[in-house]
Structure formats: structure tokens, C-alpha cells
Amino acid sequence: MEDCLFCKIIKGEIPSTKVYEDDNFFAFKDIAPVAPVHVLVIPKKHVASIAALTEDDADVAGKMLFAIQKVAQELGLDKDGYRVIFNTGEKAGQTVHHMHAHILGGKEMAWPGV
Ligand code: 5GP
Ligand code: ZN
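As the structure is a computational prediction, the values presented were derived from the model and not from experiment.

Asks: Now, about the overall build of the chain: what can you tell me, with residues and values included?
Replies: Looking only at helices and strands, the chain has 2 helices and 5 strands in total. Relative to its full complement of 114 residues, the chain shows a buried share of 22%. In the chain, once contacts between residues fewer than 6 apart in sequence are set aside, the share between residues at least 24 apart is 57%.

Asks: Outline the pairing of strand E5 (residues 101-105), supporting the account with residue identities and numerical values.
Replies: Within E5, 4 of the 5 residues are buried, leaving the element largely enclosed by the surrounding structure. Looking at chain direction, strand E3 (residues 37-43) and E5 are connected through 5 bridges and run antiparallel. Looking at E5, one finds that Val 41 is bridged to Ala 101. Pairing of strand E4 (residues 83-85) with E5, which is carried by 3 bridges, proceeds in the antiparallel orientation. Within the sheet, the bridge partner assigned to Arg 83 lies in E5 and is Leu 104.

Asks: Please set out the sheet that holds strand E2 (residues 25-29) residue by residue, giving values where relevant.
Replies: Read from one edge of the open sheet, 5 strands run E1-E2-E3-E5-E4, paired in antiparallel fashion. Unpaired on one side and paired on the other, strand E1 (18-21) and E4 mark the two borders of the sheet. Within this sheet the neighbouring strands show an average axis-to-axis angle of 20°, counted without direction. For E1 and E2, the ladder comprises 3 bridges, and the chain directions are antiparallel. Bridging from a neighbouring strand, Tyr 20 pairs with Ala 27 of E2. Lying over the sheet, helix H2 (residues 58-74) contacts E1, E2, E3, E4 and E5, oriented at roughly 150° with respect to E3.

Asks: Could you give me a rundown of the environment of Gly 12, with the residues and numbers involved?
Replies: Here Gly 12 shows up in the loop between helix H1 (5-11) and E1. Between the C-alpha atom of Gly 12 and that of Ser 49, which follows or precedes it by 37 residues, the distance is 21 Å.

Asks: So what's going on with the site of ligand 1? Residues and values would help.
Replies: Around ligand 1 lies a shell of 14 residues, among which Ile 31, Ala 32, Asn 87, Thr 95 and Val 96 are the nearest. Broken down by class, the residue content of the shell around ligand 1 amounts to 7 nonpolar, 5 polar and 2 charged.

Thresholds applied
Residues numbered from 1 in each chain as written. Chains lettered and ligands numbered in written order. Predicted model: local features only at pLDDT ≥ 70, side-chain atom pairs only at ≥ 80, totals over all residues. Helix = DSSP H or I, 4+ residues; strand = E, 2+ residues; numbered from the N terminus. Buried ≥ 20, exposed ≤ 12 C-beta atoms within 10 Å, placed from the backbone. Contact = placed C-beta atoms within 7 Å. Pairing = 2+ DSSP bridges. Axes fitted to C-alpha atoms, helices over the stretch in contact; angles between N-to-C directions. Near = placed C-beta within 6 Å. Nonpolar A, V, L, I, M, F, W, Y, C, P; charged D, E, K, R; others polar.

Interpretation note: all reported values are geometric properties and have no functional meaning in isolation.
Structure representation (C-alpha cells):
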């Protein structure tokens, strides 16, 4: 997607602080962190959101949880735990329409917190 901010980050057209990359996923630090650790995990395939997933995306959707697991492990978050958020749709706070998981960690988080 030519006009997609996160597609541009994957291609290196917009700089980011990369923390992980494999054939299917890219992870980088959020530019406006809301926790001591705030990383975004995105599929290299452009999908707008969870709501836009189709059966064709089954492989990438399944693998994404394992990419999140790996990134969180590499960031050292396993011991104290972490939160994973997929904002889906504008009313839910989604501002970038390329599916992404926020990994948040490094602090105590209350629940429910919406
Ligand atoms: P959303 O609100 O769509 O769930 O999350 C989008 C996230 O992308 C926000 O947390 C925002 O801070 C982050 N973001 C927006 N533009 C950039 C950018 O250019 N670079 C990085 N690293 N993060 C960005
Ligand atoms: Zn995109």
C-alpha cells in the first residue's frame, strides 16, 4: 500500500527503531510510548485491521501471535508480564490502518482499564 505509514516503515522509507524482523513481521518502538516498553508488531503483508482479515490471511494471523511471543521474550517481558492490544477501528483508537499489535510492558497495569 503506497500511502500506508507502516508499509513505508517496513520498506525503510520512514525511519524507525527496529527491535525484530523476520520474513513475515517487523517490530519497532512506538514513537509516542505509553509504557516503559512500547513496541509495535506488524505483518509485512498489508492488512488494515483484524476486522479486515480474510481466510487468505489465516497463516499470517496465526503466525503473528508467535511473532508477538518472540518479541516479548527478546524484550525480557516474560517474567513480569505484558499487555497486547490491537486497536480495531477508529472508535477503538486505531489511527494507523495497517494491523498492528501494541506490546506494553515495564510497569504495573490495572485491569479493567478501558
Ligand atoms: P493505533 O492508535 O493505530 O492503535 O496505534 C498507532 C501507533 O503508531 C500509535 O501508538 C503511534 O504513536 C504510533 N506511530 C504513529 N506514527 C508513527 C511513526 O512514524 N513511527 C513510530 N515508530 N510510531 C508511530
Ligand atoms: Zn500498510
